[in-house]
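Coordinate analysis (summary)
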Amino acid sequence: MPTASAHKRAVPGRFGEFGGRYVPETLMAALEELERAYAAAKRDRGFRRELEYLYREYAGRPTPLYFAARLTNELGGARVYLKREDLLHTGAHKINNCLGQGLLAKRMGKRRIIAETGAGQHGVATATVCALMGMECVIYMGTEDMRRQELNVFRMKLLGAEVRGVDAGQRTLKDAINEAMRDWVTNVRTTHYLLGSVLGAHPYPTMVRDFHRVIGREARAQMLKAEGRLPNAVIACVGGGSNAMGIFSAFVEDRRVKLIGVEAGGRSARLGEHAARVAFADGGGSPGVLQGTYTYVLQDGAGQIAPTHSISAGLDYPAIGPEHAELAASGRAEYVAASDAEALDACVRLARLEGIIPALESSHAIAEALKCAPKMKKRDIVLVNVSGRGDKDMGILQENLTLPR
């Protein structure tokens, strides 16, 4: 079966049968303008230099590759390495894409930025970049996510952003995206929509992945320096899937490297109790169109978008990025689920063993490492992308954990 990269070369914006551009006619010109601007920026050495400068001097790249010695000893199997995206400015990988799109928006003459956010990390990164570049910033966020991520809401406002709560639907990420899309339709001439994941209509899935490729490039070089060989497995959590595509991109052509995406298993495998679009065979995920792209979507028998659940506000989106859909369909990547309980346990174990408190999103990836590393040989290597830190989740952790006094 052709690889994802072969599909990308053949049809821009398509990953096998997935991807595309399914939007109102009013947005077609804006997407075509964005596609042209991004293609020109990629060829511009000055744009690349400025982005690399901001990655290094502002965001704090490169992030370390850390050998988790105590966790490795505890598990008794493969050597576990952590790619420390949690150490970036704003606390997560999201800043990579926001800096790239912010520079692109300036290049296009757009002075107003809108964005959506679930866990709040993309909203914080967007607000940060807008403050840095002197742009107007409006962030859409479901009111349920605003409740769960109160700290990040305050951070966005402190940075000068207007945070608009969305009360529709489940009041989470999907609903915030709907409102952001409506805003963009209305203000398309003056506004850039800074989409936060490898979702939406072309060119967003490709562009967002490309701005996160730096994760994989660094991790590959760091791994070769540390061990002299590539990892046996690369693990990352998958909501929309931007952190995962960023790190997977450097290894996708190396067929001996197993790629594992971890979705939100929630409370159970029953539709409505999780956000696993691919991992659960009978959980409701099937091909469909949602918010501009053709991909795997959680939907019922009548084609209605299903409700979702995750203890993590950043993993409860009902669709997966179209490139992930192709990696799953082709068998190049494996997608599994970690439950709420497993994510909480993984968070505690990493905190107690390594002094690192991961975001609940990243805790799903750690949970999979806890399962697979003990079954592997001691010379094997597992690389886990720690996409964000857990500061934002303290309220949720307090609600769900009983710690000794």
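Owing to the predicted nature of the structure, the values given are computational and were not obtained by experimental measurement. (Residues numbered from 1 in each chain as written. Predicted model: local features only at pLDDT ≥ 70, side-chain atom pairs only at ≥ 80, totals over all residues. Heavy atoms only, no water.)

1. Overview of the pairing of strand β4 (residues 79-84)
The buried count for β4 comes to five of six residues, which makes it a mostly enclosed element. Pairing between strand β3 (residues 65-67) and β4: three bridges, direction antiparallel. Along β4, the bridge assignment pairs Phe 67 with Tyr 81. Examined bridge by bridge, β4 and strand β14 (residues 381-386) share six bridges and lie parallel to one another. By the bridge assignment, Lys 83 is partnered in β14 with Asn 385. (Buried < 20%, exposed > 50% of the residue type's maximum accessible area, 1.4 Å probe, protein only. Helix = DSSP H or I, 4+ residues; strand = E, 2+ residues; numbered from the N terminus. Pairing = 2+ DSSP bridges.)

2. A closer look at the confidence of the model for the protein
For residues with low pLDDT, the predicted coordinates do not support detailed interpretation. Looking at the protein, pLDDT values average 94 and 97% of them are 70 or higher. Note on residues 1-9: pLDDT under 50 across the span, and 19 contacts to partners over four residues away in sequence or across chains. (pLDDT = per-residue confidence, 0-100. Contact = heavy atoms within 4.5 Å.)

3. Looking at the pattern of salt bridges
Side chains that differ in sign of charge can pair as their charged atoms come close. Applying the stated criterion to the full structure yields 31 salt bridges. Two residues, Arg 107 and Asp 44, come together in a salt bridge whose shortest N-O distance is 2.9 Å. One end of the pair, Arg 107, is in helix α5 (residues 94-108); the other, Asp 44, is in the loop between α2 (25-43) and α3 (45-59), and 63 residues separate them in sequence. With a relative accessible area of 39%, Arg 107 lands in the partly exposed category. Owing to a relative accessible area of 28%, Asp 44 belongs among the partly exposed residues under this scheme. A single network of salt bridges, built from pairs that share partners, joins Arg 112, Glu 136, Glu 162, Arg 164 and Asp 183. (Salt bridge = Lys/Arg side-chain N within 4 Å of Asp/Glu carboxyl O.)

4. Considering unusual backbone geometry
Put simply, Arg 61 and Pro 62 share a cis peptide bond, and its omega is 0°. We note that Arg 171 has phi near 65°; this positive angle belongs to a residue other than glycine.

5. Regarding the packing of helix α6 (residues 121-133) against helix α8 (residues 150-158)
At a closest axis distance of 9 Å, the pairing of α6 and α8 adopts a crossing angle of 10°. By the angle between their axes, α6 is roughly parallel relative to α8. Taking contact as the criterion, the partners of Gln 121, Gly 123, Val 124 and Ala 127 in α6 are, on α8, Asn 152, Arg 155 and Met 156. Its residues placed into classes, the contact of α6 with α8 shows three nonpolar, three polar and one charged. (Axes fitted to C-alpha atoms, helices over the stretch in contact; angles between N-to-C directions. Parallel < 35°, antiparallel > 145°, perpendicular 65-115°, else oblique. Nonpolar A, V, L, I, M, F, W, Y, C, P; charged D, E, K, R; others polar.)

6. Here we look at the side chain of Asp 183
Relative to the elements of secondary structure, Asp 183 occurs in helix α9 (residues 173-186). For Asp 183, a relative accessible area of 5% puts it in the buried group. Within the structure, Asp 183 has its side chain in polar contact with the side chain of Arg 112 (distance 2.9 Å). Those residues in contact with Asp 183 that lie beyond four places of it in its chain are Arg 112, Ile 114, Tyr 140 and Arg 164. (Polar contact = N/O pair within 3.5 Å; in protein donor to acceptor, adjacent residues only side chain to side chain.)

7. So, the packing of α2 against helix α10 (residues 204-227)
At a minimum axis separation of 11 Å, α2 and α10 run at an interaxial angle of 30°. The pairing of α2 with α10 is recorded here as roughly parallel in orientation. Where α2 crosses over α10, the two elements pack in a sense that is left-handed. Along the contact surface, α2 presents Leu 31, Leu 34, Tyr 38 and Lys 42, while α10 presents Tyr 204, Met 207, Asp 210 and Phe 211. Tallied by class, residues from the contact of α2 with α10 come to six nonpolar, no polar and two charged. (Left-handed = near helix turned anticlockwise from the far one by under 90°.)

8. Notes on the sheet that holds strand β5 (residues 112-117)
Spatially, the four strands line up as an open sheet ordered β7-β6-β5-β8, and their pairing is parallel. At either margin of the open sheet sits one strand with a lone partner, and together these are β7 (162-166) and β8 (191-193). With strand direction ignored, the average angle separating the axes of adjacent strands in the sheet is 25°. Two strands pair when backbone bridges link them, and β5 and strand β6 (residues 136-142) are joined in this way by six bridges, in the parallel orientation. Considered in β6, the bridge of Ile 114 is made with Val 138. Where α9 meets the sheet, its contacts fall on β5, β6, β7 and β8, and the angle it forms with β5 comes to roughly 160°.

9. Examining α8
Residues of α8 that are buried include every one of Asn 152, Val 153 and Met 156, and no others. All buried residues of α8 project into a common sector of 105° when viewed along the axis, lining one side. Counted as exposed and oriented over 90 degrees from the buried face of α8: Glu 150, Phe 154 and Leu 158. Tucked into the core, α8 has its buried residues touching β5, α6, β6, α7 (143-148) and β7. (Arc of directions from axis to C-beta.)

10. Some words on the environment of Pro 322
In this fold, Pro 322 is placed in helix α12 (residues 322-330). Sequence separation of Pro 322 and Gly 19 is 303 residues, and the distance between their C-alpha atoms is 5.1 Å. With residues near it in sequence (within four places) discarded, Pro 322 still touches Phe 15, Phe 18, Gly 19, Val 198, Leu 199, Pro 205, Thr 293, Tyr 294 and Thr 295.

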